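Okay, here's what each chain looks like letter by letter:
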Amino acid sequence: MTEKEKMLAHKMYDANYDKELLEDRRKIKELCYDYNQLRPSDEFGRQALLKKILGKTGKNFLIEPPFWCDYGYNIEIGENFYSNHNLVILDAGKVTFGDNVFIAPNCGFHTSGHPIDFERRNQGLEYAYPITVGDNVWIGAGVQVMPGVTIGSNVVIGGGSVVVRDIPDNSVAVGNPCKVIRSITEEDKKTCWDR
Ligand SMILES: CC(=O)SCCNC(=O)CCNC(=O)[C@H](O)C(C)(C)COP(=O)(O)OP(=O)(O)OC[C@H]1O[C@@H](n2cnc3c(N)ncnc32)[C@H](O)[C@@H]1OP(=O)(O)O
């Protein structure tokens, strides 16, 4: 198995020194760099470049720069995807977003991790587990999502949360570690946010 095949099969792999993976990352970081230089008014250019960077997109999507990822081909976004500034996706593993996902500034989705023991970590070994986000999800500012997490559909993750375990459908979850504080119900449609 190549190191890339191991990475995609969720096995331990050499992330630091493997030539193929280094080249994949170099290529995508060049494209992210280009993306991050585009003018906000260049909507066509932004869309076209994001389509080149990401594995799969819907028709309607926007990521405010700067945006950085590791491979790009492992990221799939659904319809009406919006991310505010400073999105970082470490996509050694697959990262899949459903439809109508809104992401606030300074969020990170990290599929990869290193061994806890320094001997193997220093050899450049890594593992990557997929992250999945359902439909109709709002991720608050500064949220960090850890390897292997699934966030269900119709979910709100409060600002500043660190998501280390799966979050079920129809819930508001907050904190570090991120925990469900309540379900989202029909009652929520009656809340008025005017002050
Ligand atoms: C796409 C974009 O760019 S969006 C722009 C960026 N905006 C944001 O990131 C805002 C994110 N919003 C939040 O984090 C909000 O606090 C929400 C949506 C989670 C609030 O949800 P609600 O269900 O209304 O929670 P509510 O305000 O009633 O708080 C319930 C409890 O959770 C706590 N809580 C609320 N938010 C958080 C949070 N982010 N982290 C930790 N605890 C929190 C409250 O302190 C409260 O605790 P208490 O019961 O001990 O007093």
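Structure: above.
Just so you know, these numbers come straight off a predicted model, no measurement behind them.

**Student:** Explain the site of the ligand to me, please; I cannot follow it from the model alone.
**Tutor:** Around the ligand, the structure places 14 residues, and the nearest of them are Asn84, Trp138, Ala141, Gly159 and Arg182. Between the ligand and the protein, one listed contact pairs an oxygen atom with a side-chain N or O atom of Asn84 at 3.1 Å. Gly159 places a main-chain nitrogen or oxygen 2.8 Å from a nitrogen atom of the ligand. When isolated, the ligand has an accessible area of 980 Å², and the protein chains bury 46% of it. Listed by contribution, the elements that provide at least two residues to the shell around the ligand are β18 (171-174) and β19 (179-183). Residue composition of the shell around the ligand, by class: 9 nonpolar, 4 polar and 1 charged.

**Student:** Looking at this model, I keep getting lost on the nonpolar core. Mind explaining?
**Tutor:** A general tendency of soluble globular proteins is for nonpolar side chains to be buried together. In terms of nonpolar packing, the biggest core is built from 37 residues, with Ile53, Phe67, Phe97, Phe109, Ile151 and Ile157 touching the most fellow members. The element best represented in this core is helix α2 (residues 19-37), accounting for 4 residues. Here Ile53 is in contact with Ile28, Leu31, Cys32, Tyr35, Phe67, Cys69, Tyr71, Gly72 and Tyr73, once residues within four sequence places are set aside. Within the second largest apolar cluster, 7 residues are counted, among which are Met7, Leu21, Ala92 and Ala128.

**Student:** What is the right way to read the sheet that holds strand β5 (residues 81-83) from this model?
**Tutor:** Hydrogen bonds between backbone groups are what pair the strands of a sheet, and the pairing can be parallel or antiparallel. Judged by pairing direction, the sheet is mixed, and its 7 strands sit side by side in the order β2-β5-β8-β13-β16-β18-β19 without closing on themselves. In this open sheet, the two edge strands, each paired with only one partner strand, are β2 (61-63) and β19. Averaged over all neighbouring strand pairs, the angle between strand axes comes to 10°, with direction disregarded. Relative to strand β13 (residues 137-139), strand β8 (residues 101-103) runs parallel, the two sharing 3 bridges. Residue pairing for β13: Phe102 is matched across the bridge by Trp138.

**Student:** Hey, could you run me through the pattern of salt bridges in this one?
**Tutor:** Where side chains of opposite charge bring their charged atoms close, a pairing between them can arise. Per the stated rule, a full pass over the model turns up 10 salt bridges. The partner of Lys29 in a salt bridge is Asp70, and the shortest N-O contact between them spans 3.1 Å. Of the two residues, Lys29 sits in helix α2 while Asp70 sits in the loop between β3 (67-69) and β4 (75-76), which places them 41 residues apart along the sequence. In this structure, Glu187 engages Lys190 in a salt bridge whose closest nitrogen and oxygen atoms are separated by 2.8 Å. There is no split in this pair, since Glu187 and Lys190 are both exposed.

**Student:** Mind showing me how you'd approach the pairing of strand β6 (residues 87-90) here?
**Tutor:** As a general feature of sheets, a regular strand has side chains that alternate between the two faces. Alternating residues of β6 divide into Leu87 and Ile89, all buried, and Val88 and Leu90, none buried. Pairing analysis gives 3 bridges linking β6 to strand β9 (residues 108-110), with the strands arranged parallel. Each residue of the ladder has a partner; that of Leu90, found in β9, is His110.

**Student:** What should I look at first to understand the sheet that holds strand β12 (residues 131-133) in this one?
**Tutor:** Within the open sheet, the 4 strands sit side by side as β4-β7-β12-β15. Their pairing is parallel. If you trace the sheet from one side to the other, it starts and ends with β4 and β15 (150-151), each paired once. Of the pairings in the sheet, the one linking β12 to β15 comprises 2 bridges and is parallel in character. Note that in β15 the partner of Val133 across the bridge is Ile151.

**Student:** Where do I start with the packing of aromatic side chains in this structure?
**Tutor:** We describe a pair of aromatic rings using the distance from one ring centre to the other and the angle between the two ring planes. Following the criterion strictly, the structure yields 4 aromatic pairs and no others. When the centroid spacing of 5.7 Å and the interplanar angle of 35° are considered together, the rings of Tyr71 and Tyr73 count as tilted. Residue class for Tyr71 comes out buried when judged on its relative accessible area of 3%. On the basis of relative accessible area, Tyr73 is assigned to the partly exposed category, the value being 30%. Feature note: the residues Phe81, Phe97 and Phe109 constitute an aromatic cluster, connected by ring pairs.

The rules behind each value
- Residues numbered from 1 in each chain as written.
- Predicted model: local features only at pLDDT ≥ 70, side-chain atom pairs only at ≥ 80, totals over all residues.
- Heavy atoms only, no water.
- Near = heavy atom within 4 Å.
- Polar contact = N/O pair within 3.5 Å; in protein donor to acceptor, adjacent residues only side chain to side chain.
- Areas by Shrake-Rupley, 256 points an atom, 1.4 Å probe, with all protein chains shown as cover.
- Helix = DSSP H or I, 4+ residues; strand = E, 2+ residues; numbered from the N terminus.
- Nonpolar A, V, L, I, M, F, W, Y, C, P; charged D, E, K, R; others polar.
- Core = buried A, V, L, I, M, F, W, Y, C linked by side-chain atoms within 4.5 Å.
- Buried < 20%, exposed > 50% of the residue type's maximum accessible area, 1.4 Å probe, protein only.
- Contact = heavy atoms within 4.5 Å.
- Pairing = 2+ DSSP bridges.
- Axes fitted to C-alpha atoms, helices over the stretch in contact; angles between N-to-C directions.
- Salt bridge = Lys/Arg side-chain N within 4 Å of Asp/Glu carboxyl O.
- Phe/Tyr/Trp six-rings, centres within 6.5 Å; stacked < 30°, edge-to-face > 60°.

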